[in-house]
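# Observations on the three-dimensional arrangement
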Amino acid sequence: MADLLQQIVSGLASGGIYASLALALVLIYRATRVVNFGQGEMAMFTTFVAWSLANHLPYWAAFALTLVIAFAGGAALELLLIRPIRDAPVLTVVTVTIGVLIGLNGLARLIWGNEPRQLESPFSTEPVRIGGVAFSLQDLGTIAVSLAIVAVLWLFFQRTKVGLGLRAAALNPSASRLVGVRVGAMLALGWGLAAVLGAVAGLMAAPALGSFDQNMMQPILLYAFAAAILGGIDSPLGAVVGGLGLGVIVNLLGTYVDVVGAELRLPVALLIILVVLLVRPAGLFGREAVRRV
């Protein structure tokens, strides 16, 4: 029983990372109806930025400054690359996000080289015992940070005028313009917040990986896709539940099912995508699109 609880907590820690990135995917999808394939590389790039800052600043100061830089970078990407092609076919926008993926990966290699880096965890590696069960402080800290960011975003969207404006701009841009919502600014804000969520995912993932390079977020992005599809690609709540649930499921299968092991965890996540798309294409919390004919 103790080992099961430890594995669940470890799965929730991984799931918190997946949930952060999945929520970023959902934010951009709701705003533009396009999946941002560059989201993982945006997170990777800000992780390298954090690594550079952490060499000169205390960890949490570097963490906060990285989030500010991530927000500015995400908003700039929307302004410079996405807004000019906002009315273009969906495939054009998707192609641009793939270009962001390739471009940021190459730029990171140009700036920081190909050598693996290490980012120290802000949480102690010493275990803490709760009810006679030893838990990793790093896992508990990752869960706490991920859920705190999600909670702050929920309050922002539910309790502030700017958050309500962002939701309105994402759901119905034309009607929002008629009531005075600056849709362009709201879309830039959405990309900035998505970049912040990606940065949190990268900063929490880097210490857990031990060392990281420019490919660090690629498998995590696939898990995030699986989480977003599991919960519903247009549902923020679904992204969070899907990420946490996927983290626990994959971790338990990898631990207790010998056939899966560590090597087949990612294929299991991809299999979950396939099954959900076949059984419930809208995801667990998504809504079926209804068209009037």
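Before any of the text, the structure's been laid out above.
Since we're looking at a predicted model, the values are computed, not measured. (Residues numbered from 1 in each chain as written. Predicted model: local features only at pLDDT ≥ 70, side-chain atom pairs only at ≥ 80, totals over all residues. Heavy atoms only, no water.)

### Description of the overall build of the protein chain
Scanning the protein chain from N- to C-terminus turns up eleven helices and two strands. From first element to last, N terminus to C terminus, the protein chain shows the α and β order α-α-α-α-β-β-α-α-α-α-α-α-α. Compactness check: the protein chain gives a C-alpha radius of gyration of 19 Å against a globular reference of 19 Å for 293 residues, within 12% of the reference. With the C-alpha coordinates aligned to their principal axes, the bounding extent of the protein chain is approximately 60 × 50 × 35 Å. Counting every position in the protein chain, which comprises 293 residues, the buried fraction comes to 49%. For the protein chain, the proportion of contacts with a sequence separation of at least 24, taken over those separated by at least 6, is 74%. Accessible surface, the protein chain as shown: approximately 14300 Å² in total, 67% of it carbon and sulfur. For the protein chain, the centre of its 17 positive side-chain charges and the centre of its 13 negative side-chain charges are spaced 19 Å apart. (Helix = DSSP H or I, 4+ residues; strand = E, 2+ residues; numbered from the N terminus. Rg over C-alpha atoms; globule rule 2.2 N^0.38 Å. Buried < 20%, exposed > 50% of the residue type's maximum accessible area, 1.4 Å probe, protein only. Contact = heavy atoms within 4.5 Å. Areas by Shrake-Rupley, 256 points an atom, 1.4 Å probe, with all protein chains shown as cover. Lys, Arg positive; Asp, Glu negative; His and termini not counted. Charge placed at Lys NZ, Arg CZ, Asp CG, Glu CD.)

### As for a nonpolar patch on the surface
Taken together, the side chains of Leu4, Tyr256, Val257, Val259 and Leu264 define a hydrophobic patch exposed on the protein surface, amounting to about 420 Å² of accessible area. Mapped onto the elements of the fold, Val259 is located in the loop between helix 10 (236-256) and helix 11 (265-279). In this structure Val259 comes out as exposed when scored by relative accessible area, which is 67%. (Patch = residues over 30% accessible without salt bridge, like charges linked within 9 Å, V, L, I, M, F, W, Y side chains within 5 Å. Salt bridge = Lys/Arg side-chain N within 4 Å of Asp/Glu carboxyl O.)

### Some thoughts on the pattern of salt bridges
Under the definition given, this model contains one salt bridge. With a shortest N-O distance of 2.9 Å, Glu78 and Arg83 are connected by a salt bridge. By relative accessible area, Glu78 is classed as buried at 1%. The class of Arg83 is partly exposed, set by a relative accessible area of 26%.

### Considering the layout of surface pockets
The volume enclosed by the largest pocket comes to roughly 1300 Å³. Along the wall of the largest pocket there are 46 residues; nearest its centre are Arg30, Ala170, Leu171, Asp234 and Pro236. Residue assignment for the lining of the largest pocket shows that the elements contributing at least two residues are helix 1 (2-32), helix 3 (59-82), helix 4 (90-112), helix 5 (137-159), helix 6 (161-171), helix 7 (173-178), helix 8 (183-209) and helix 10. Top contributing element to the lining of the largest pocket by residue count: helix 1, with six residues. Residue classes in the lining of the largest pocket are distributed as 30 nonpolar, five polar and eleven charged. Along its surface, the second largest pocket is lined by 25 residues, and Ser14, Tyr18, Ala208, Leu209 and Ile220 are the ones closest to its centre. Mapped by element, the contributors of at least two residues to the lining of the second largest pocket are helix 1, helix 5, helix 8, helix 9 (217-231), helix 10 and helix 11. Of the residues forming the lining of the second largest pocket, the biggest block, five residues, is contributed by helix 1. The residue inventory of the lining of the second largest pocket, partitioned by class, reads 14 nonpolar, eight polar and three charged. (1 Å grid on protein atoms, 1.4 Å probe; cavity = no way out; pocket = protein on both sides within 12 Å on 5 of 7 lines; lining within 4 Å. Points joined across faces, edges and corners; volume = space filled by probe spheres on them. Nonpolar A, V, L, I, M, F, W, Y, C, P; charged D, E, K, R; others polar.)

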